[in-house]
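Close look at the chain arrangement
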Amino acid sequence: MTAGNPIENAESAKKSADSSKGKQKNEAVAFAKDIVVIFFFYVVFSTFGWTSFHIPSGSMEPTLEVGDRIFVSKLSYGYNRFSFYFDPGFIPESRVFEDAPERGDVAVFTLPKRNYEDFIKRVVGLPGDRIQMRGGRLYINGDVVERSLVREVTYTSYNGAQRRVKEYDETLPNGIVHRIYESTDSGLYDNAGPFVVPPGHYFMMGDNRDGSSDSRNLGDIGYVPEAYLVGRADVTTFSLYDCDQGKDIFCPLGVPLGRFFNSID
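Residues numbered from 1 in each chain as written. Predicted model: local features only at pLDDT ≥ 70, side-chain atom pairs only at ≥ 80, totals over all residues. Heavy atoms only, no water.

Quick word on the side chain of Arg103
The topology assignment puts Arg103 in the loop between strand S2 (68-73) and strand S3 (106-111). We classify Arg103 as buried; its relative accessible area is 12%. Of the polar contacts made by the side chain of Arg103, one reaches the backbone oxygen of Val124; its length is 2.8 Å. A distance of 2.7 Å separates polar atoms of two side chains, one belonging to Arg103 and the other to Asp129. Once residues lying within four places of it in the same chain are set aside, the contact partners of Arg103 are Val123, Val124, Gly125, Leu126, Asp129, Ile140, Leu172, Pro173, Asn174 and Ile176. (Helix = DSSP H or I, 4+ residues; strand = E, 2+ residues; numbered from the N terminus. Buried < 20%, exposed > 50% of the residue type's maximum accessible area, 1.4 Å probe, protein only. Polar contact = N/O pair within 3.5 Å; in protein donor to acceptor, adjacent residues only side chain to side chain. Contact = heavy atoms within 4.5 Å.)

Structure below.
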């Protein structure tokens, strides 16, 4: 057996090492390109199609629970600078492919005065509407919004507090029926208004009427300009809801399957 030429062996080893390094470099470049392409399509899809949001508070109970992950349609209301994750200041606030929200939509909007924080509420008042709360009842343009008692619910909230509420079906003037919670008819915002919604603005309210700061609080959220609308909440995808809260939600083995893939009404 011969050891071979040491110089040839060294050159062969060097070529093999260089080839391995070149292969690793090509794989790294290809991987980086894949990441860039995936990120590009994600940004395009989430800017112009649907984007994902999570529910951090109980202001929209029982429609949306803390821990729900939802898809929000950005196609629904058109596009402007607030359709992007970042704020491209050179893009105007006026919309392209604009379509107006309907009363009863569950909408996501942003508030520049709150450092571009996102909120989710229900569209209750349209431009020109007269909105008022009297004794816990919602009035739109002078007419009381009908509600019917579904049941009483006792549960533990996401922050550990015990809650007892009445759950109602509320029927808006355009026939949209949705659920609301009322813990009392004499809460902080149960006697408020009248509010006259300015042109180009919307009046937003949470379905958890005594657990939501919304357009009834003019010093905080107030009337929401149409330019600040991000999109319409369409469906829950999955949920990290805490099944120990004690609500009547299908939770086999502690997994809230009853919150998966529900249309948002």
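Quick word on the pairing of strand S4 (residues 117-125)
For a regular strand, side chains alternate in direction, first toward one face of the sheet and then toward the other. Buried residues dominate S4, accounting for seven of its nine residues. Where S3 and S4 come together, six bridges link them in antiparallel fashion. Bridged to Ala107 within S4 is Lys121. Counted along the chain from S3 to the antiparallel partner S4, the turn is five residues long, and its residue Asn115 has a positive phi close to 60 degrees. In the sheet, S4 pairs with strand S12 (residues 201-205) via three bridges, with the strands oriented antiparallel. From the neighbouring strand, Gly125 faces S12, where its bridge partner is Phe203. (Pairing = 2+ DSSP bridges.)

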